[in-house]
Structures are given as structure tokens and as C-alpha cells.
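# Geometric and topological summary
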Amino acid sequence: MNPARKRKLTIILFLLAGLAVAVGLTTYAFRQNINLFYDPTQIAEGEAPVDVRIRAGGMVEDGSVVRDPDSLKVEFRVTDFTSAVTVRYEGILPDLFAEGQGVVTTGQLNSDRVFVAEQVLAKHDEKYMPPEVSDALEKSKARAAEEGREMPEY
Amino acid sequence: MFPELGQVTLIIALLLSVLLAVVPLYGSLTNRDSLQAFARPLTAGQFVFIAIAFGILTRAFLIDDFSVAYVANQSNSLMPWYYKFSAVWGGHEGSLLLWILMLSGWTLAVATFSRRLPSVMVSQVLSVMGMVAVGFLLFILMTSNPFDRILPNVPADGADLNPLLQDFGLIIHPPMLYMGYVGFSVAFAFAIAALINGRLDAAWARWSRPWTSVAWGFLTIGIALGSWWAYYELGWGGWWFWDPVENASLLPWISGTALIHSLAVTEKRGVFKSWTVLLAILTFALSLLGAFLVRSGVITSVHSFASDPTRGAFLLGLLAVTVVVSLTLYAFRAPVVHTRATFGPLSREVFLPLNNVLLMAALLLVLVGTIFPLISDYFELGNISIGEPFFNLTFSPIAVAVGILLGVGIFSRWKKTDEGYLARKLIFPSIGSVVIAATVVLTMGTFDSPGFIGFLDDIQLWAFFGVLSASWVILATLQDLWTKSSSRHGRLHGLRRQSRSFYGMVLGHVGLAMVIAGATVVNNFGIERNVRMSPGDVAQVGDYQFSFASVGEREGPNFTALVARFDISRNGEPVATLYPERRRYVVQRNMMTEAGIDGGFLRDIFVAVAEPVDSNAWAVRLQYKPLVRWTWLGALVMAIGGFLAVSDRRYRIRDTATERKKASATPLPESRPAEAGV
């Protein structure tokens, strides 16, 4: 091989090595860190996996927020007005968290079908609804219309 | 009447941009000097009319003209004047106007500072920038007119600016960021002009370099300001969230960093020309992608205002046209001439592209992590999110590798580096960085697990590698500086002899090391506690005691606040008193957390009061954040390095004749040691 080709080959090999490392790392990290979104109805119907990091979201049910008197533990129910799931969380809730507001939580469903959240996100101003939540509510509304149920206004 | 006038000036600016895009380019292709001579007056005209439009919008804000819909949505008569001023770019329409103002400003700067360049080149560069301006002016006039009126029912008062944005950081963050984004359009225009006239040589790289470095410097500062703002204003003490909007700014930054290094090789040695041109196109395309991600509403965040599908479609179209046209041009005109320069496997010509390989890997990771959820959602493959762990896991090893490679690369020489020489040079940084990393990990870490195995478990490996990489870069840079500055006339004379671009490089690398060190230490050794506290309670965080002394109230201009008082002490010694607030903004009825921060070079103490959990108790976040400021200071040092490199005299003294000679003489006969700094 002449020197010019050899050099080109070295460069190409380096590029390929870099690419391989990048692809390998990405795939590995991807598997660990893709969090799928489930709405309360999907969780109630058992579609969501247990002990896997997922996201869940909907509206915080009125009157469902219960705080522990000695710590930052809090429990509330998230609903799409068809089904609801109990969420347990310890930590600081976002400024705009309130009953009747949309939230998206990240965490794991435990064997008792309670959602143990690591993170709770609320919308960050009053005009904005998380897109996952509005999708979930739309789906729930369609289902309610099919079954002839009443949906509350939100 | 003024707002209508603003719209008219924008339309005039559009007409001038169209002329700028066509006339000088046509003149340059047909060799008509009379047509090329239009480039500079058209550029000046375009800038003046856009500046007038910007002035008119600013006036509407300052005099509370709520008949203008944009002002009514973004401002309020209660706001202090400086927030009214910064509210001009607080929303979508106004920030686009700022974007265009900067674009025309950059174009004017190119027209002003390029008197020594061949007129064909200048005409083509200005024409390409004119085309970019046409795209954005059409965008603003067709989808986002800031001068739309609400008539006849003029609102009595405005809706107020989002309280998150009523902050000093917002006054300067977007302008800096836009200076960077838009500045890359200059490098892009030079690349396209070089492709059009087929002059892809060392001279071209030399002309592009200062513009690219300045744009990169602004973008660096803009990103750091955004991170700093998120740290103290979003209230929770994180400094980087891998939020899609942050990533949108990081993508052109990574690509721009690669471009700066690639331009250095192309300028000095005349190699990797095609790659450099491609990077210039990629960097600008990523700036457009960033604009699309942020402005189209596909991502919801503080940055995306009312989403409007036509805006997204327009920006996507602009991006597509740019990429397709540039790449087609590239396919036809990319240099077919093979470079005759030869270099060995350990030469600087190899180390610099290797840095590009790592940066491209990082770019790919961030890009995939950012747009994969969008693609998955669009094709209904499921609504997914990719969280911070993905980015931390994949980005950290690359950052460490970049640092290690950089330390070796500093000592490499153009053409060929002797292995033994390189190995000798690396002895000091190797030993030094291992000692520093071990010391940091052993003194800052906590070792409470029993036995030797427990000790091994407690060692934080990533912290070790991060600190190792950072100190490796700094030690190698210092040693390089030491070697280069040796002189018969004393050390000071030797230091003074070095060029400004060399010092620019030194600062760039030291800044990067500071960012890596800061990020590693704060992420591994920072302490965060969320506790429930009432006045009178004391909480321990690391060595510090946080004592919740009292709560009070305060009236601001457009908010009311609950103010807490925290006395911080360390082993009984008072350190600081902090007053974190919870503000309720009257008009928008928003709650905002205003953190109390005691900042320092080596550590920050951070207190934020969150929601009340009882009648007299609050959720409180207490943090000890070692070296957190280094992430922003490092970015600032990097940016200063970029600006310093541009002030180097070699960009000023050479005239066109020597450029030509130099260009035709590529590859360079020998690189002088004084030029070794890239």
C-alpha cells in the first residue's frame, strides 16, 4: 500500500471506530433510558409494565392530595376521568402543582399498582397543558362519549 | 401610525435584501464591477431599515402602546422600564426581529471589515447573507408580524411578561445567543461563496476564521447565561437539564467548535478543505434546526411561545432549502484536487481531525437524544422521553476523551511528531493529573462503608476521570506555555512574544477544563436535601447548618412576596444570611420561587422555599454546590479566548496580495514555531 492510501485507511478506520463507539453507547443508553408514556386508563387496564421506568400523566383529582405531617411525602390521584392511578412522591412539587391541574410524572409502577414517582412536572404557565395530558384526556373523552358517560369540564 | 410605519420599513428591508441576494452575485458571475459595487450600499440600507423597525417596536413597548397585539401580550404598564425594553424580545415575533437585526448587523460588519478581500468574494458572501435575510424577513412578514394591531378595542393594560422572564439574565441571554446563531451564517456564507467560485483554499479559511471564532464566542456566552439563568431563576439549582431547547443551542456549539479546529488545519496546512466546508454548512443548518425546534412549538418549554403550525412548516422549509441547495452545490463544486501535503500519524494534522471525530460523536448523541422522541411521536411509535441519564451516560465518556486527546494534541507538531518527544512531554501532566484527581476524590468523597471493599465501592470513578481529564488539560497547557515562553531575555519577554491567537487557544482550553472540572465536582460531590421546615428549624447539609430564622412579607412593583430568612453557619461560624422568596405575580397570578444564593468561587450555598405544606411549614430545598460557578466561568474564559484569538495582528496586517501568494503556495513550506498556536 502506498503511504497516501495507508493514511486514508487510518483516517477511515478512526472514523469507523468513533462511529462504532458512539452507536454502541447510544444503543446501550437508549435501552436504559427510553421512558414510555401511559395514561391512567392504560395503567388501570394493566397495559403498563411493573417496575420499569415509565411516565404517567393526567389531571390531579380534586381532594386527593394527602400530605404526610412530618416529611415531604405526598400522595395524590391522577385521573383522565375514566380511571385514576395513585401516585406516591417524596420531594418538592412544582410551583404550579395543584388539584385540578395537569401533571406528568416519571417513576415506576409497584406491584400494588401504585405509581412511585421520582419526578413530578406541572405545566409552567396557566395557558399551557402538557401535550401528553391533553392527548390522554381527548382519548378518555372519546371513550366516555362511546359509553354515553358524562365528562367533567377541565 | 408608528406600528404601520414599522411594517413598511420591514417590507423595504425585504426588497433591499432581495436585491442584495441577486445583484452583487450576478455581478460577480458576469464580472461586472458596477453591479458588485451595489453590495455595500444595499447592506447598509437593509441594516438601517431593520434598525428603524426595531426602534419602532421598542418605542411601542416603552410608551405602553397596547394597541399593538404583541406589546399587549408581552408587557404591562406596571413593569419597570428595563423589563419593558427586554420584553421586546420576550416573545416570538420580537425575538425574530432581534434575530434579523443581528443578521443585518453581521452582514454590515462583513461589508465593513472586508475591504482587503477580493471584491468577487465580498459580493458573493454578502449576496448569500442577503438570501438568508430574505428567508427570515419573509418568515417574519408572513407568519409573525410584531406590528399587528388590536383595533378598535384596545386593551386597557397588557397581559404582563412571563415572570420567569422578568430578570436580568433575560435582558442579555437571547441577544448573546442570537449573535452566535446568526454569526455562523457568516461562516456559511464564506463557505457557499468559496464553493460558487471554486476558491477553496487557505486564504478562504483565514477569512472565515475570525468570524467563526467571534460567533462561537457569543454562542458560548449565550449558552452559559441560559444555564446560569436556569440555575437561579427556575429555582431548583440545576445548571443543565438536557432539555431539548438547551440541546438545540448545544448542537451548533459542538459543530462550531469542530469548525474552529478544522479551519485551523485548513488554514495552516491546506488540508481537509471539503470537510471544513461541510462543517460550515452543518453548523449553520444546526442553527436553523435550533430555531425550528424552539420556535415551531414541537417542543413545549419556556422558550416556545404560542405554537403555530405554519411557523414550524416555514422554518422546516427554510432548513430544507438551505441544506438541499448547499449540499447540491457542495456535490458539484467540492474540491476534486488532491492535496499533496503529507503528514505522519502523530502530527497535529491528525490530532485536530480526531477532535472532530469525538465532537461529531457527541453531536450525534445529542441530536439523536433530542429528535428521536419527536420522530417517534410523529410516526406514532409511542410517546417517549429520553431523560438526563441517557445524556450523562453517553456524553461524560466523550467529554473525558476530548480532554485527554486535547492534552496530547497540544504537544503535537505540524507534519510529524517524534514519539519519544511526545512521551517525554506527557510525563509531567500524567503524574500531576493522577495526583490531583486522586486527591480530589479522596478528600471530597465520603467513605463510610466498612473495609477495603467498601472503600473501593465508595470511590466515584467518573469523578476521578472527570477531574483527571480537566487537570490533564490544564497541566499540559501550562507546560506548553512554560516551554514556549523560555527566552534568553527572560520569562516575561518570552510570554510577551507569544501571539494573541496562541493565548486565545490557551484560554479556550483552560476554559473547557474549568467546565469539565466544575461539572464533574458539582454533579458528584454536591449535596441536595429537600426538607420540611418551619421557622426555628435547623437542617444540616454537609458541613453547613441551615437555620430557618423567620418569615416576612414584601411588596414588589408587580408582585407580592413571602420572604424567608435563613442563617447559614459552618461548624458554628456564621457564613451568610439568605432571603429566598416566593413571589406571586399580580397580573398573571403565577407563583415564582426566587432562590437565596451565597455564591463563591469554590462553592455556592443555595436555599429555595417551595410550596407550603402546612399553615407554618414549607418544603425547602437546601444545597451545597461545590465549583458550580466554574461551569459558567469556564465558558466565559473560553469565549474570551475566542475573542482574543480574533484580535491577533495576523488577521489585520496581511493584504490581498500576500493572501494570493500564500494561497497559491499551499501547502506551506514550513510552519514556524510561533505559528504553532492554532
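On a predicted model such as this, the values are computed, not experimentally measured, just so you know. (Residues numbered from 1 in each chain as written. Chains lettered and ligands numbered in written order. Predicted model: local features only at pLDDT ≥ 70, side-chain atom pairs only at ≥ 80, totals over all residues. Heavy atoms only, no water.)

### Focus on the overall build of chain A
When helices and strands are counted, chain A shows 3 helices and 7 strands. Counted from the first residue to the last, chain A has its helices and strands arranged as α-β-α-β-β-β-β-β-β-α. For 154 residues, the compact-globule formula gives about 15 Å, and the C-alpha radius of gyration of chain A, at 22 Å, lies well above that figure. With respect to the principal axes defined by its C-alpha atoms, chain A has extents near 80 × 45 × 35 Å. Within chain A, buried positions represent 42% of all 154 residues. Of the contacts formed within chain A by residues at least 6 apart in sequence, a portion of 54% connects residues at least 24 apart. Within chain A, one finds 18 positive and 24 negative side-chain charges whose respective centroids are separated by 17 Å. (Helix = DSSP H or I, 4+ residues; strand = E, 2+ residues; numbered from the N terminus. Rg over C-alpha atoms; globule rule 2.2 N^0.38 Å. Buried < 20%, exposed > 50% of the residue type's maximum accessible area, 1.4 Å probe, protein only. Contact = heavy atoms within 4.5 Å. Lys, Arg positive; Asp, Glu negative; His and termini not counted. Charge placed at Lys NZ, Arg CZ, Asp CG, Glu CD.)

### Describing the sheet that holds strand β9 (residues 596-598) of chain B
Residues and elements named next belong to chain B. Spatial ordering of the open sheet is given by β2-β11-β10-β9, a layout of 4 strands whose pairing is antiparallel. Edge positions in the sheet fall to β2 (527-533) and β9, since each of these pairs with one other strand and no more. On average, each strand axis in the sheet is tilted by 15 degrees relative to the strand beside it, whichever way the strands run. Inspection of the sheet shows strand β10 (residues 603-614) paired to strand β11 (residues 617-626) by 9 bridges, in the antiparallel sense. Looking across to β11, one finds that Arg603 is bridged to Pro626. (Pairing = 2+ DSSP bridges. Axes fitted to C-alpha atoms, helices over the stretch in contact; angles between N-to-C directions.)

### Points about the domain arrangement of chain B
Residues and elements named next belong to chain B. Here chain B is partitioned into domain 1 (1-160) and domain 2 (528-629). One C-alpha centre belongs to domain 1, the other to domain 2; they are set 43 Å apart. Across the contact, 6 residues belong to domain 1 and 4 residues belong to domain 2. Around 460 Å² of area is buried between domain 1 and domain 2 when both sides are counted, 55% of it from carbon and sulfur atoms. Of all residues in domain 1, Leu78, Ala159 and Asp160 give up the largest surface area on contact with domain 2, accounting jointly for 75% of the area buried on that side. For the pair domain 1 and domain 2, the interface holds 0 salt bridges. In this assembly, domain 1 and domain 2 are joined by 0 residue pairs in polar contact (both at pLDDT 80 or more). (Domains from an automatic or database assignment. Buried area = accessible area lost by both parts, 1.4 Å probe. Salt bridge = Lys/Arg side-chain N within 4 Å of Asp/Glu carboxyl O. Polar contact = N/O pair within 3.5 Å; in protein donor to acceptor, adjacent residues only side chain to side chain.)

### Thoughts on a nonpolar patch on the surface
Taken together, the side chains of Leu9, Ile12, Leu13, Leu16, Leu19 and Val23 of chain A together with Leu364 of chain B make up a nonpolar region of the molecular surface, amounting to roughly 610 Å² of accessible area. Ranked by residues supplied to the nonpolar patch, first place goes to helix α1 (residues 3-33) of chain A with 6 residues. Relative to the assigned elements, Leu13 of chain A resides in helix α1. (Patch = residues over 30% accessible without salt bridge, like charges linked within 9 Å, V, L, I, M, F, W, Y side chains within 5 Å. Areas by Shrake-Rupley, 256 points an atom, 1.4 Å probe, with all protein chains shown as cover.)

### Section: unusual backbone geometry
Residues and elements named next belong to chain B. A positive phi angle, near 55 degrees, is found at Trp242, a position not held by glycine. In this structure, Trp242 sits in the loop between α9 (202-233) and α10 (244-269). Despite not being glycine, Phe272 shows a phi value in the positive range, around 55 degrees. Assessed through its relative accessible area of 22%, Phe272 is described here as partly exposed.

### As for the packing of α10 of chain B against helix α13 (residues 348-378) of chain B
Residues and elements named next belong to chain B. Interhelical geometry of α10 versus α13 gives an angle of 165 degrees and a closest axis separation of 9 Å. Comparing their axes, α13 and α10 come out roughly antiparallel. Handedness of the α10/α13 crossing: left-handed. Across from Pro244, Asn247, Leu250, Leu251, Ile254, Ser255, Thr257, Ala258, His261, Ser262, Val265 and Arg269 in α10, the residues of α13 making contact are Glu349, Leu352, Asn355, Asn356, Leu359, Met360, Ala362, Leu363, Val366, Leu367 and Thr370. (Parallel < 35°, antiparallel > 145°, perpendicular 65-115°, else oblique. Left-handed = near helix turned anticlockwise from the far one by under 90°.)

### Here we look at a negative patch on the surface
On the surface, a cluster of negative charge is made up of Asp135 and Glu138 of chain A together with Asp377 and Glu380 of chain B. When you line up the elements, Asp135 of chain A lands in helix α3 (residues 131-147).

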